[in-house]
Amino acid sequence: MINGKRVLIVIPAWNEEASVGHTVGEVRGELPDVDVLVVDDGSGDRTCEVAREAGAIIARLPYNLGVGGAMRLGYRYGYEHGYDVVIQVDADGQHDPRYVPKLVDALDEADFVIGARFAGEGDYRVRGPRRWAMTVLSAVLSRMAGTRLSDTTSGFRAANRRTVELFARWYPVEYLGDTIEVLVRLLRSRYVVRQVPVTMRPRRAGIPSHSPIKSTLYLARALVILVLSMVRR
Amino acid sequence: MKLTVLTAVTGLVLLLIIFELVRRRQLREKYAVLWGAVGIVVLPLGFFPRLLDTVSHLVGVVSGVSLVLFLGVVFLLLVCVHLSWEVSRLEEETRTLAEDLALLRTEVRNLPPADPAQVLAHEKSQVADDQR
């Protein structure tokens, strides 16, 4: 319970045995009154066991679906168990659980809240095509939202009951669909989306990719998803 | 004349393969109908490749064979698009199943441990049902 709301933290994890235990432990230490659901997205390692030992509820997908599939499962679990708020947190330890109450509070005036990296707190830098992609996305989505959304691909996001209900039925499984298309759909359906500035920490395991080919591909895919989500019914 | 033999045999073999697949229940009815219709169109053309010459002259194609080739390519493209659509739908369906399975496994794991006396009673009633 946070401010009288039942809160579920959903952590999608794919081969994250190195960090998921610490992340779950930290969330439970910081927020003893929330439930933690780790969605094991078809991992081949000990992610599931590590998360269970750390005290999380486990949902194990039989094969890898990607973040979108793992998250719809999380939202379905949250919806069926009557949670008021579902919050996505990355397994790699980037997201500081101390910001969770801030996100929950922000849901008083919004249906969906993004914990954003560029919004003043902390320092986080990217360059090249990946940065261009983020700039374009931020410009387009901010315009649609009527408020500044600076970090549209952040994996630190909170949904209220109304949004959870939508996501339990509909949540795209495609790469980047879970971040971009979700926002476009929410904004087109007149849901209120806001952002809260957060500090991100370096991940505990795994390295971010800096290959120029990959980031160009990222830009292209982001634009395709953006355009598609604008015209899709 | 040689060409006619080739096309006629191809058409016949095609129709036989479709028929056999349907007979063994390897093709869903909707595909069986589609491919059956294709076979029935292709077969007479196999025996008389010049059959379409008049039609092709009407639409400005010199040879009926060219028209058949053109229509064939268009048809195959449509089939490919249709199959992509089917695969997308199937992926969505398997995704939902995978999620359902994961949810159920979580629920089962979190069920309170069963009371042994109740389990025994339940099993007995099952046996009784089976014997009836």
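Below is a short write-up of the structure. (Residues numbered from 1 in each chain as written. Chains lettered and ligands numbered in written order. Predicted model: local features only at pLDDT ≥ 70, side-chain atom pairs only at ≥ 80, totals over all residues. Heavy atoms only, no water.)

## Here we look at the pattern of salt bridges
Under the definition given, this model contains 19 salt bridges over all chains. Residues Glu 174 of chain A and Arg 232 of chain A are paired through a salt bridge, measuring 3.8 Å at the closest nitrogen-oxygen approach. With a gap of 58 residues between them, Glu 174 of chain A in the loop between α6 (161-169) and α7 (177-188) and Arg 232 of chain A in the segment after α8 (212-231) connect regions that are remote in the sequence. According to the relative accessible area criterion, Arg 232 of chain A is partly exposed, its value standing at 31%. As a salt-bridge pair, Arg 89 of chain B and Glu 86 of chain B come within 3.7 Å of each other at their nearest N and O atoms. Of the two residues, Arg 89 of chain B and Glu 86 of chain B are both situated in helix α4 (residues 64-110); the distance of three residues between them amounts to about one turn of the helix. Each member of the salt-bridge network shares a partner with another, and the members are Arg 72 and Arg 76 of chain A together with Glu 92, Arg 95, Glu 99 and Asp 100 of chain B. (Salt bridge = Lys/Arg side-chain N within 4 Å of Asp/Glu carboxyl O. Helix = DSSP H or I, 4+ residues; strand = E, 2+ residues; numbered from the N terminus. Buried < 20%, exposed > 50% of the residue type's maximum accessible area, 1.4 Å probe, protein only.)

## With respect to unusual backbone geometry
In the Ramachandran plot, Asn 15 of chain A falls in the positive-phi region, its phi being about 50° despite a non-glycine side chain. The topology assignment puts Asn 15 of chain A in the loop between β1 (7-13) and α1 (20-30). According to the relative accessible area criterion, Asn 15 of chain A is partly exposed, its value standing at 38%. The backbone of Arg 25 of chain B sits at a positive phi, close to 60°, despite the residue not being glycine.

## Things to note about the environment of Tyr 83 of chain A
Residues and elements named next belong to chain A. Relative to the assigned elements, Tyr 83 resides in the loop between α3 (67-80) and β4 (85-88). Sequence separation of Tyr 83 and Arg 6 is 77 residues, and the distance between their C-alpha atoms is 5.1 Å. Sequence-distant contacts of Tyr 83, defined by excluding residues within four places in its chain, comprise Arg 6, Val 7, Leu 8, Asp 35, Tyr 77, Gly 78 and Arg 161. (Contact = heavy atoms within 4.5 Å.)

## Considerations on the interface of chain A and chain B
Listed as interface residues are 20 residues of chain A and, on the opposing side, 15 residues of chain B. At the boundary of chain A with chain B, total buried surface from both sides reaches about 1,400 Å², with 50% on carbon and sulfur atoms. Note that Arg 72 of chain A is salt-bridged to Glu 99 of chain B, the shortest N-O span being 2.8 Å. For the side of chain A that touches chain B, the secondary structure elements donating two or more residues are β3 (57-60) and α3 of chain A. Broken down by element, the side of chain A that touches chain B gets its largest block of residues, seven residues, from α3 of chain A. In terms of residue class, the side of chain A that touches chain B is made up of 12 nonpolar, three polar and five charged. (Buried area = accessible area lost by both parts, 1.4 Å probe. Nonpolar A, V, L, I, M, F, W, Y, C, P; charged D, E, K, R; others polar.)

## A few points about the nonpolar core
All names here are of chain A. If you look at the biggest cluster of nonpolar residues, it comprises 45 residues, and the most contacted ones within it are Tyr 75 and Phe 112. The leading source of residues in this core is α7, at six residues. In this view, Tyr 75 contacts Val 86, Phe 112, Ala 159, Val 164, Phe 167, Ala 168 and Tyr 171; residues no more than four positions away in its chain are not counted. Grouped together as the second largest cluster of nonpolar side chains are 34 residues, Ala 51, Ala 91, Ala 106 and Leu 107 included. (Core = buried A, V, L, I, M, F, W, Y, C linked by side-chain atoms within 4.5 Å.)

## Notes on the packing of helix α1 (residues 2-23) of chain B against helix α2 (residues 29-47) of chain B
Residue and element names in this part refer to chain B. Put simply, α1 and α2 touch, their axes get as near as 8 Å, and they point 160° apart. The orientation of α1 with respect to α2, classified from their angle, is roughly antiparallel. Seen along the crossing, α1 lies across α2 with a hand that is left-handed. Contacts from Thr 4, Thr 7, Ala 8, Gly 11, Leu 12, Leu 15, Ile 18 and Val 22 of α1 reach α2 at Ala 32, Trp 35, Gly 36, Gly 39, Ile 40, Val 42, Leu 43, Gly 46 and Phe 47. (Axes fitted to C-alpha atoms, helices over the stretch in contact; angles between N-to-C directions. Parallel < 35°, antiparallel > 145°, perpendicular 65-115°, else oblique. Left-handed = near helix turned anticlockwise from the far one by under 90°.)

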